[in-house]
4 protein chains.
Amino acid sequence: MVIVMNPEATEEQLQRVLDRIHDAGLKTHLSKGQYRTIIGIIGDKKKIASLPVEAFDGVEKAVPITASYKLVSREFKPEATIIDINGVKIGDGSLVVMAGPCAVESREQLLEAAEIVRAAGGQFLRGGAFKPRTSPYAFQGLEEQGLQYLAEAREVTGLKIVTEVMDAASVELVAAYADILQIGARNMQNFHLLKAVGRCGKPVLLKRGIAATIAEWLHAAEYILNEGNYNVILCERGIRTFEEYTRNTLDLSAVGAIKYLSHLPVIVDPSHGTGKWRLVRPMAMAAVAAGADGLLIEVHPNPAEALCDGLQSLNPANFAVLMEDVQQLAAFLRRRSA
Amino acid sequence: MVIVMNPEATEEQLQRVLDRIHDAGLKTHLSKGQYRTIIGIIGDKKKIASLPVEAFDGVEKAVPITASYKLVSREFKPEATIIDINGVKIGDGSLVVMAGPCAVESREQLLEAAEIVRAAGGQFLRGGAFKPRTSPYAFQGLEEQGLQYLAEAREVTGLKIVTEVMDAASVELVAAYADILQIGARNMQNFHLLKAVGRCGKPVLLKRGIAATIAEWLHAAEYILNEGNYNVILCERGIRTFEEYTRNTLDLSAVGAIKYLSHLPVIVDPSHGTGKWRLVRPMAMAAVAAGADGLLIEVHPNPAEALCDGLQSLNPANFAVLMEDVQQLAAFLRRRSA
Amino acid sequence: MVIVMNPEATEEQLQRVLDRIHDAGLKTHLSKGQYRTIIGIIGDKKKIASLPVEAFDGVEKAVPITASYKLVSREFKPEATIIDINGVKIGDGSLVVMAGPCAVESREQLLEAAEIVRAAGGQFLRGGAFKPRTSPYAFQGLEEQGLQYLAEAREVTGLKIVTEVMDAASVELVAAYADILQIGARNMQNFHLLKAVGRCGKPVLLKRGIAATIAEWLHAAEYILNEGNYNVILCERGIRTFEEYTRNTLDLSAVGAIKYLSHLPVIVDPSHGTGKWRLVRPMAMAAVAAGADGLLIEVHPNPAEALCDGLQSLNPANFAVLMEDVQQLAAFLRRRSA
Amino acid sequence: MVIVMNPEATEEQLQRVLDRIHDAGLKTHLSKGQYRTIIGIIGDKKKIASLPVEAFDGVEKAVPITASYKLVSREFKPEATIIDINGVKIGDGSLVVMAGPCAVESREQLLEAAEIVRAAGGQFLRGGAFKPRTSPYAFQGLEEQGLQYLAEAREVTGLKIVTEVMDAASVELVAAYADILQIGARNMQNFHLLKAVGRCGKPVLLKRGIAATIAEWLHAAEYILNEGNYNVILCERGIRTFEEYTRNTLDLSAVGAIKYLSHLPVIVDPSHGTGKWRLVRPMAMAAVAAGADGLLIEVHPNPAEALCDGLQSLNPANFAVLMEDVQQLAAFLRRRSA
């Protein structure tokens, strides 16, 4: 943390600021420049973060120097984290595909979707049993019934299951069925939920909040790791911008940023990220080329009958083309880097 | 809902779309223009909302015509809602001020803050006992102990209490102490929590999400009203934009928009909305002039000692000036409109 | 400027960075902390700004400490700038109203609008003779003919004229007719145009760019002052955000920010800022309460016939009500501060 | 255009709206639904666009159905435009690379950079002779001297030249030296400049504005085509969002969107798009995989000495790696699609 003093700050004000910092058990480093006096604060990150320095008289602003997350950082753990989910590895350089319908709508729909995913070479079946919806009048999910269909689909196809948990009270229930617990974008800063999945121990897929900075996203992951659960996969799914053509703006630069800042694996959801099925294939290709560890894709046996997000779901034929393309691309990139 | 067909859509595709809409129990109105064929869909809003029309072959886009919220709308209830909280009215044309520290830090700090608020003429004491924080290492609140201090401050000063509830499991606990339950910006779309406070019956202060459109905010309120709780106060607290000088961009036009679209009262939080104590007074004045029903203000006995948000908290002297100013302004505006 | 070194930076890399800074004629201040080594750079702002420090090996990031604008800053000139435009003062604590149609459409329309503005007590007539339009097929303005109508309206009503200049080549022409040259939001960083109006000497109304930070806006003003023209009025007119209900998000906190950072007067345009005539009155009131030096308002004799922006223009009756309201409010606020 | 009437609109108001539309030479299609009456307007796009329909009494809102650009659209010209620049084709399925320093700084620097680009297999040399800079105190470019160095570099290396033109008055001068005229992001809606390059006839590289929607960007291109110049290449270079880690958010979904909406070629600038040299390679790869027709890359013989944007420039070694990678990827993708 660097503190910048007002040009008109008095020596007395400066001294009070220094005293206050020293009282907190921190050291300071003073630098008087031509325009400004600045104070570098040296010491424990947590103590520094808790100082309301800008509220001191004579202070113009405080500039953070280092991020306050730790466990998720590359500095803390330089080698990449590889997560093994009953034999499927995420983060080891291979490409993992999680696909399926937005919502579990019926046993038939889900088993059909699962077969499509399996046939095309996906490893995970996705599908929401609990659905967060903007309107209270929209379809809210089949709840536990949906979880049972997911488990049945796993039995039949061998696919692993990733599905969303929406509140701390349901973590145990969802964890009894799922291989990966998904935290949705709207819940990225639902801290009770983050702590609950942190204590639960199951691998977690943490979607980026719709208006979350990369730093906030990593802090949210830190909540989970801080409870002892290191099996966190990050998922870029688009951020909210002024652009109206796409549902969100898929921020693929987040892939490279996460790889640099953190050791955690990161996957990309081009379906929510664009909201338009025509853009899913090019953005899936782009995600793979950017270095993503996996993809989260909406596919529906019949998008025109979907109870949610029909317009961003691929039909089985388009999904098969996409899978062929991304797998070939991933194989090409692996050969290049080998 | 209006459906716009692709220029190259076939008659057969058009017919299939019409059939699909009719099958859902809805009527259509066809209009063939120079550039496009468009279909107006007539019938029940919920049925319309559940059609994945853009996933039909031949459809270019679907354009919603009316919002899908109902209970919160002016159409549904033309007269303004006035909420009576043990004798203090919100939405009746008077100005309500809710003030206090960001977090309850100690018994002494809170009682001191309460006295400052009371002396300056505020009606509500605010203060977080449960604090949502970006970092797991930041102060998370005194929890139930904090609630007890709030209740004690109410005893001593006669102020009503508004405080945040962060998850459905704590609603009963917080409701046992608070006069108004606050839903924070990060939880605006925590739908389990919205339903829980909807069932609880206590008045609710619903903060706008950091990246929520006005329509999404009203939909979130709809969740609460849909459970039978009509005592909802909306709170504009700034949205996330590219601007870096302020912590958020306080969207005061939301006040007028809410007044036009909804019957619910709306207040403004210039402290979080700007993140800078110097901007709190001008934006509080602006909020009152824009027609807000109240203000939510951070005041701390000693901002430089605050455990959170010290830089946006007013000190007692500045708070007293602000209160004098906004009350005079509110009185002037009431005389003008009388 | 503070440079933060990578934790793994070598002593050699550190030394090369220091040497490079010293070679540029600047001094350094070294601070070795627990997590990071940081270098404070001391010396001439321009020299500091030109160092590509983040491109040096071993540097993690560079943090600017002070803004690089100078002439527009409060530090440079602590007292507020008052601009006298042929007897009408802007920035002296009074409220100036500039009003009129979006575009000059005809002699009759303009004279009628001018009479409406004069009758209601406005001081300036606005109206575009050159119109920047998103589509090449939209009405582009009457050009010099429009300027002549504006001059005629000034003759008839005594109102001063503010009108937009869109390119450097037209500055002389527009300056021959206008009392204030307006730079539109799209041209806020048209640096040739900024230099041209800086050399021209006529007062300039500089609208904030649709995605410009406050710092960038002040830098744009700095271009004008740097050419010797100190008569610059800033105009907040809304920024682009994700919100769809309003055309832009009017950032009234910019008024207080500008007053703190700069000595220049600042006015507010609630017409473009909201894009909805119903929101113009409440946001005009809010702007005045926030401390704006003036308002820029669209009024049209018959908004339903307007060639541009009809939906945000007030009709004469609504404009008269607004004028009465904002003038009374301004008078009240002046009495309070006296 | 579809007009939505207020639920409380009278029959008389409805009739007046219909009359007004018919008076403008347009046809209407009336649809009375359960909640709303809507009017479809049929006829000439330009006439429709000029109606200020929302200003009519009784109208709730107007919903545009089709974009108002024409010449740039796929509907107007279904086959992709291929631009031939003295033998180098853009838009034919091959990958074009334009690379070089942000600014022309000296003859030596430019010739060295040109040799780096040529050696690595690039086709175009980029480099600004006129530089738009946020601050008036930053390096503004070598102007005509810089253009001469560019021409000399073309002589020596055989590379084509792409360089920015900042105002209409300089179009002729820049066109005398450049093979492609670049319009920078800040000038995307400098309509005089767009018309000037439209009349000039030289191929134009049109960068997306920092806060421009895809529709606005296409409208800006429409200005150029409308003057008779069909040789326009679009360039995605990142949009402004709330994210602070990257300089901009590179919107790669724009590539697929442009390919669907327009026949014009589109390239990507990952250097400005991310602002961090570490992210340039992954985002260049992603852009190629997303289907971009080319890349615009900053490379500098010595980034640590660059007069602008040093932190986003690649050094020669990193650039050579990137070129090898993107060319191999492009070749792989071509084989796949063959």
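Preceding block: the structure.
As the structure is a prediction and not an experimental result, all values here were calculated from the model.

The rules behind these values
- All residue numbers refer to positions counted from 1 along the written sequence of the respective chain.
- Written order determines the labels here, with chains lettered from A and ligands numbered from 1.
- Side-chain atom pairs in this predicted model are given and counted only at pLDDT of 80 or more, local residue features only at pLDDT of at least 70, and totals for whole chains, interfaces and linings cover all residues.
- Based on all heavy atoms of the structure, the side-chain values leave hydrogens and waters out of the count.
- Definition used for salt bridges: Asp or Glu carboxyl oxygen within 4 Å of a side-chain nitrogen of Lys or Arg.
- Here a helix means four or more residues in a row that DSSP labels H or I, a strand means two or more in a row labelled E, and each is numbered from the N terminus.
- Partly exposed describes any residue whose relative accessible area lies between the buried limit of under 20% and the exposed limit of over 50%, with all areas from a 1.4 Å probe on protein chains only and scaled to the type maximum.
- A least-squares superposition brings the copies together, and it is based on the C-alpha atoms of residues with pLDDT no lower than 70 in both.
- We call two residues in contact whenever any of their non-hydrogen atoms come within 4.5 Å of each other.
- Candidates for patches are residues over 30% relative accessible area with no salt bridge; among them, like charges are joined within 9 Å and nonpolar side chains (Val, Leu, Ile, Met, Phe, Trp, Tyr) within 5 Å.
- Note on areas: Shrake-Rupley with a 1.4 Å probe; residue coverage comes only from the protein chains shown.
- Here Asp and Glu are counted as negative and Lys and Arg as positive; His is not counted, and neither are the chain ends.
- A charged residue contributes its charge at one atom only: NZ of Lys, CZ of Arg, CG of Asp or CD of Glu.

> Residues and numbers for the pattern of salt bridges, please.
Overall, the coordinates contain 65 salt bridges over all chains when judged by the stated rule. Between Lys207(C) and Asp269(C) there is a salt bridge whose closest N-O contact spans 2.7 Å. On the criterion of sequence distance, the pair formed by Lys207(C) in strand E11 (residues 204-207) and Asp269(C) in the loop between strand E13 (266-268) and helix H9 (270-274) is long-range, its members being 62 residues apart. Considered together, Lys207(C) and Asp269(C) belong to a single accessibility category, that of buried residues. Glu115(D) is the salt-bridge partner of Arg118(D), the closest N and O atoms lying 2.6 Å from each other. On the criterion of helical spacing, the pair formed by Arg118(D) and Glu115(D) is a turn pair, its members being three residues apart in helix H3 (residues 107-120). Under the relative-accessibility criterion, Arg118(D) is labelled partly exposed at 37%. For Glu115(D), a relative accessible area of 34% gives the class partly exposed. A cluster of three or more residues bridged by salt bridges with shared partners is formed by Arg208(A), Glu236(A), Asp251(A) and Glu243(D).

> Describe the relation of the copies chain A and chain B, and please don't skip the residues or the numbers.
Expressed as a screw operation, the relation of chain A to chain B combines 0.0 Å of axial shift with a rotation of 180°, fitting to an RMSD of 0.0 Å. One copy is carried onto the other by what is essentially a two-fold rotation axis. Among all C-alpha atoms of chain A, that of Ala211(A) lies closest to the rotation axis, at 3.0 Å. Looking at chain A, 100% of its interface residues are interface residues in chain B too, so the copies touch through the same face.

> Account for a positive patch on the surface, with residues named and values stated.
Residues Arg334(A), Arg335(A), Arg334(D) and Arg335(D) make up a contiguous surface patch of positive charge. The set of elements that each furnish at least two residues to the positive patch consists of helix H11 (316-337) of chain A together with helix H11 (316-337) of chain D. Along the chain, Arg335(A) falls in helix H11. Exposure remark for Arg335(A): the relative accessible area of 54% places this residue in the exposed category.

> Go over helix H8 (residues 253-261) of chain C with me, naming the residues and quoting the values.
Count 3.6 residues to each turn of an α-helix, and residues three or four apart come out pointing the same way. Of all the nine residues making up H8(C), seven are buried; the element is thus mostly covered by neighbouring parts of the structure. Along H8(C), the positions that sit buried rather than exposed are Ser253(C), Ala254(C), Val255(C), Gly256(C), Ala257(C), Ile258(C) and Leu261(C). Looking at the buried positions of H8(C), the neighbouring elements they touch are helix H9 (270-274) and helix H10 (277-290) of chain B together with helix H7 (214-226), strand E12 (232-236), E13 and helix H10 (277-290) of chain C.

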